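Inside the fold
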Amino acid sequence: MHCGADLGESRPEGQRQERFCILCGRLLPEGSASDVCEHCLHGDATAPDATAPLEGIPIPDLPEEPEEAAPRPRHGQLFWVGVVAAVLLALTAACAGIFLFLRQQDPQAGQPSSSSQAPSPQEDYAVTCAQEMVRNAAYDPSSVHYEAATLQVAEENGVYTVQQTFERTVATGETVESVYIARLTLQEPFPSGYTPLVLQVDDMVLYDYTGG
């Protein structure tokens with residue numbers, strides 16, 4: 001129960017303190033000393049409409065959801081991307097520097113090279129003489145055919161060594177493939193003939209006039 005003291009003195013003039021029934025919540029009449037309204041005292045109180053106090057109270061609008069912003073790369077990711085790019089640039093520069101250094105050291109680097117230089121007239125003549133030596137020793141000279149891609153010729157102290165793969169027909173009628181090695185010297189004046197020194201077919205030495 002309220003003590004009944006006048007609380008209006010502490011409030012501004014013309015303003016009263018509103019009090020409500022502690023049972024049903026109705027507004028108590030001004031100057032009432034009781035905390036219970038007359039209706040509740042006589043037992044005919046009905047519960048006030050629970051929705052009534054909510055009438056007139058504006059319902060705030062729901063806040064709009066912010067638009068999702070595109071994810072930004074993190075500082076750590078940007079750092080490692082920069083490190084990888086720097087390493088790749090450094091490797092590229094190093095490879096280019098090595099290539100240029102090698103080109104300066106060897107001007108022929110990067111240019112197509114031939115397996116052998118063009119033969120001299122003496123070497124061509126020595127090959128012709130070596131092939132004649134092989135045909136003269138063959139069972140059927142007309143069946144001898146040479147493979148040009150396998151030809152090798154060298155000269156040392158006037159002695160020419162010729163090596164080449166060839167095919168020929170043997171006494172049994174079969175066509176076989178062999179490799180010959182012929183050594184010879186050219187007679188002066190050039191070209192006036194040759195002197196045969198050694199003729200070897202596969203592992204068989206047909207003749208050796210050097211005494212070796």
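Residues numbered from 1 in each chain as written. Predicted model: local features only at pLDDT ≥ 70, side-chain atom pairs only at ≥ 80, totals over all residues. Heavy atoms only, no water.

A short note on a nonpolar patch on the surface
Just so we agree on the cut-off: A residue counts toward a patch only above 30% relative accessible area and without a salt bridge, and it is joined to like-charged neighbours within 9 Å or, for Val, Leu, Ile, Met, Phe, Trp and Tyr, to nonpolar neighbours within 5 Å. Here the Shrake-Rupley method, with its probe set to 1.4 Å, supplies the accessible areas, and only the displayed protein chains count as covering residues. Salt bridges, as used here, are contacts in which a Lys or Arg side-chain nitrogen is within 4 Å of a carboxyl oxygen on Asp or Glu. Note on conventions: DSSP H or I runs of at least 4 residues are helices, E runs of at least 2 residues are strands, and numbering of each starts at the N terminus. Buried means the residue's accessible area, taken with a 1.4 Å probe over protein chains only, is under 20% of the maximum for its type, while exposed means over 50%, and partly exposed covers the values in between.
A grouping of Val84, Val87, Leu88 and Leu91 is seen on the molecular surface, where their side chains present a nonpolar patch of about 370 Å² in accessible area. Checked against the element boundaries, valine 87 lands in helix H2 (residues 75–105). Here valine 87 falls in the partly exposed class, since its relative accessible area comes to 45%.

Considerations on the pairing of strand S5 (residues 194–201)
Filter applied, for reference: In this scheme, strands are said to pair when DSSP sees at least two bridges between them.
For strand S4 (residues 175–186) and S5, the ladder comprises seven bridges, and the chain directions are antiparallel. Following the sheet pairing, arginine 183 is matched in S5 by valine 198. As paired strands, S5 and strand S6 (residues 204–208) are joined by four bridges and run antiparallel to one another. Within S6, the position partnered with valine 201 by the bridge is methionine 204.

A closer look at the nonpolar core
For clarity, the cut-off: Throughout this description, the term nonpolar core refers to a set of buried Ala, Val, Leu, Ile, Met, Phe, Trp, Tyr and Cys residues connected via side-chain atoms within 4.5 Å. Contact between two residues is taken to exist if any of their heavy atoms lie within 4.5 Å; hydrogens are not considered.
Counting 19 residues, the largest nonpolar core has Met133, Tyr180, Leu184 and Leu186 as the members making the most contacts within it. Elements represented by at least two residues in this core include exactly helix H3 (121–137), strand S3 (159–169), S4 and S5. The dominant element in this core, judged by the number of residues it contributes, is H3, at six residues. The contacts of methionine 133, once residues within four sequence positions are left out, are Ala182, Arg183, Leu184, Tyr194, Pro196, Val198, Leu199 and Tyr207. Listed in part, the six residues of the second largest apolar core include Cys24, Leu28, Val36 and Cys37.

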